[in-house]
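# Structural characterization, general
Given next are the chains, with one letter for each unit.
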Amino acid sequence: MQTVLVTGPTGFLGSGLIRELLSRGARVRAFARPSWRDRPLPLGGDFRPADLEVFYGDIRDPNALAPAASGCDLVFHTAAMVSFRGKDRDEQLDVNAGGARAVAEGCLRAGARRLVHTSSIAALGYRTDGGLVDESVAFNWSPSLSYRYSKHLAEREILAAAGRGLDAVIVNPSVIVGPGDRYMHGGQLVRDAVRGRLIAYPAGGMNLVGVADVIAGQIAAAEKGRPGERYILGGTNLTHREAFSYVAGLFGAPGPKFRIPRPAVRGIAVAAEIFAELTRTEPLLTPDLVAGVGKYQWFTSAKAGRELSYNPVSLEISLRDAYIWYRNHDML
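In this report, the structure presented in the accompanying data block is examined. Everything numeric here is computed off the predicted structure, so don't read it as measured data.

Reading guide: rules and limits
- Residues numbered from 1 in each chain as written.
- Predicted model: local features only at pLDDT ≥ 70, side-chain atom pairs only at ≥ 80, totals over all residues.
- Heavy atoms only, no water.
- Pairing = 2+ DSSP bridges.
- Helix = DSSP H or I, 4+ residues; strand = E, 2+ residues; numbered from the N terminus.
- Axes fitted to C-alpha atoms, helices over the stretch in contact; angles between N-to-C directions.
- Contact = heavy atoms within 4.5 Å.
- 1 Å grid on protein atoms, 1.4 Å probe; cavity = no way out; pocket = protein on both sides within 12 Å on 5 of 7 lines; lining within 4 Å.
- Points joined across faces, edges and corners; volume = space filled by probe spheres on them.
- Nonpolar A, V, L, I, M, F, W, Y, C, P; charged D, E, K, R; others polar.
- Buried < 20%, exposed > 50% of the residue type's maximum accessible area, 1.4 Å probe, protein only.
- Polar contact = N/O pair within 3.5 Å; in protein donor to acceptor, adjacent residues only side chain to side chain.
- Expected span 1.5 Å × (residues − 1).
- Arc of directions from axis to C-beta.
- Parallel < 35°, antiparallel > 145°, perpendicular 65-115°, else oblique.
- Left-handed = near helix turned anticlockwise from the far one by under 90°.
- Phe/Tyr/Trp six-rings, centres within 6.5 Å; stacked < 30°, edge-to-face > 60°.
- Lys NZ or Arg CZ within 6 Å of the ring centre and 35° of its normal.

Right, let's get into the sheet that holds strand β4 (residues 74-77). Taken in spatial order, the seven strands make up an open sheet running β3-β2-β1-β4-β5-β6-β10, and their pairing is parallel. The outermost strands of the open sheet, each flanked by one partner alone, are β3 (52-56) and β10 (230-233). Averaged over all neighbouring strand pairs, the angle between strand axes comes to 20°, with direction disregarded. Relative to strand β1 (residues 3-7), helix α1 (residues 12-23) is tilted by about 165°, and along the sheet it contacts β1, β2 (27-32), β3, β4, β5 (114-118) and β6 (168-173). Helix α6 (residues 211-224) contacts β4, β5, β6 and β10 of the sheet and is inclined by roughly 150° relative to β5.

Tallied over the full model, the rule gives one cavity of 30 Å³ or more. Of the volumes computed, that of the largest cavity is approximately 60 Å³. Taken together, I121, L124, G125, Y126, R127, V133, W141, R148, K295, Y296, Q297 and F299 make up the full set of residues lining the largest cavity. Of the residues in the lining of the largest cavity, the class split is seven nonpolar, two polar and three charged.

Let's shift gears to the layout of surface pockets. Considered as a void within the structure, the second largest pocket measures approximately 220 Å³ in volume. In terms of lining, the second largest pocket is formed by 14 residues, of which the most central are R19, P179, V211, A212 and I215. When residues of the lining of the second largest pocket are traced back to their parent elements, those giving at least two are α1, α6 and α10 (315-328). Counting residues per element, the lining of the second largest pocket draws most heavily on α1, which supplies four residues. Looking at the lining of the second largest pocket residue by residue, the classes come out as seven nonpolar, four polar and three charged.

This brings us to the side chain of R114. Structurally, R114 can be placed in strand β5. With relative accessibility at 5%, the residue R114 sits in the buried group. Polar side-chain contacts of R114 include one of 2.8 Å to the backbone oxygen of G225. Filtering out sequence-adjacent residues up to four positions away, R114 remains in contact with D73, L74, V75, D167, V169, A221, A222, K224, G225, R226 and P227.

So, about the side chain of T286. Relative to the helices and strands, T286 is located in the loop between α8 (262-279) and α9 (302-308). Residues within four places of T286 in sequence aside, it is in contact with F84, R85, A269 and E273.

For M184, which is not glycine, the phi torsion reads 55° and is therefore positive. Considering the arrangement of structural elements, one finds M184 in the loop between β7 (175-177) and α5 (188-194). Note on M184: relative accessible area 9%, which makes it buried.

With that settled, the discussion passes to the pairing of strand β9 (residues 205-210). Counted residue by residue, β9 has six buried out of six residues, so it is predominantly covered. Of the two faces of β9, both are covered, the one formed by G205, N207 and V209 as well as the one formed by M206, L208 and G210. Both β7 and β9 contribute to a ladder of three bridges, which runs parallel. Across the sheet, residue I176 finds its bridge partner in β9, namely V209. Across four bridges, the pairing between β9 and strand β11 (residues 236-239) is antiparallel. Its bridge partner lying in β11, N207 is registered against N237.

This part covers α8. With 18 residues, α8 should cover 26 Å at 1.5 Å per step; its first-to-last C-alpha distance of 26 Å lies within 8% of that length. Within α8, the full set of buried residues consists of V265, A269, A272, E273 and A276. In a view along the axis of α8, the buried residues occupy a sector of 95°, so they form one face of it. Seen from the open side of α8, the exposed residues pointing more than 90 degrees away from its buried face are P263, F275 and L278. One or two residues past the end of α8 sits R280, with phi positive at roughly 55°.

Here the focus is the packing of helix α2 (residues 62-69) against helix α3 (residues 89-110). As a packed pair, α2 and α3 sit with axes 8 Å apart at the nearest point and diverge in direction by 50°. Relative to α3, the element α2 is oriented oblique. The element α2 and its partner α3 pack so that their crossing is right-handed. Residue-level contacts link P62, N63, L65, A66 and A69 of α2 to A102, V103, E105, G106, R109 and A110 of α3. Residues belonging to the contact of α2 with α3 are distributed by class as follows: seven nonpolar, two polar and two charged.

What follows covers the packing of aromatic side chains. Scanning all chains against the criterion turns up six aromatic pairs. Residues F251 and Y323 carry aromatic rings whose centres are separated by 4.8 Å and whose planes lie at 20° to one another, so their mutual orientation is stacked. One end of the pair, F251, is in the loop between α7 (240-250) and β12 (258-259); the other, Y323, is in helix α10, and 72 residues separate them in sequence. A residue is classified by how much of its surface remains accessible, and F251, at 19% relative accessible area, is buried. Exposure remark for Y323: the relative accessible area of 24% places this residue in the partly exposed category. With a centroid separation of 5.2 Å and 65° between ring planes, the pair formed by Y296 and W298 is classed as edge-to-face. Using a relative accessible area of 47% as the deciding quantity, one classes Y296 as partly exposed. The residue whose ring lies beneath K295 is Y126, and the NZ or CZ to ring-centre distance is 4.8 Å. Residue placement shows K303 over the ring face of Y231; its charged tip is 5.0 Å from the ring centre.

Now the structure itself:
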């Protein structure tokens with residue numbers, strides 16, 4: 001039986017990964033923030049508390065991570081700060097890049113056999129020739145885009161540790177949908193559809209993938225991935241119009257009626273972020289979030305297919321499962 005450490009156990013991917021690992025008979029440890037010390041981790045499922053050993057600490061502290069990683073066959077680093085607000089920039093860079101550096105250092109100190117670092121397609125660059133982005137496309141976004149830049153810097157920390165002898169593999173999921181997304185990242189698309197908000201679409205496109213496929217890809221990367229390599233874990237490439245129409249159609253909601261110009265999207269995002277700051281609420285849009293509007297952010301998972309046997313299932317299944325989970329948790 002393997003001993004596995006998972007960082008970010010309260011997150012969308014981390015919690016789902018833990019449930020899958022437990023179902024496979026792994027001995028699982030979780031590394032959580034100290035603020036979760038006096039409350040149960042939101043993992044769901046039928047696992048027993050005794051099935052999970054929990055360590056608490058700051059993800060940026062290798063001294064806290066090394067004991068948790070000691071004796072582990074695998075470490076899955078899924079913890080990250082996901083925010084697209086400008087005011088979170090410094091903390092996000094610290095948590096995402098500094099956290100990756102600390103996790104890698106903790107693994108080296110503890111002698112963990114392998115680290116699987118969950119990055120994002122946000123850490124990859126974009127193409128202007130209409131081709132699909134693969135793992136070779138270098139980061140070329142502005143460093144002012146905090147989330148993207150923080151994920152890029154985090155990968156650099158992992159690769160630097162790989163140069164020091166750490167057996168590390170990187171996976172780059174696209175926009176993830178599915179049950180368990182309590183923070184409404186990719187899942188916002190489902191809620192917006194149900195609420196009839198997808199009436200306008202911007203130019204460009206996106207790639208959507210189900211959470212179960214990403215978890216399967218993470219585990220496959222642990223088993224088959226080559227050290228120092230990155231693997232895109234994507235799903236279906238769609239224009240924004242196709243994505244909005246498809247999701248709305250699944251739930252009997254009205255689809256988009258008109259295209260909204262890129263300058264208008266940016267203007268709305270600026271206004272939304274200012275309004276959120278004044279009202280102390282979460283903005284629906286921010287300039288960082290809409291930076292890719294107008295670009296066709298389409299990806300290929302061919303490398304993961306060849307080397308990891310990665311084969312994502314129907315997008316419809318993931319979206320319907322997400323809808324059922326949100327409905328059962330009164331989140332729609």
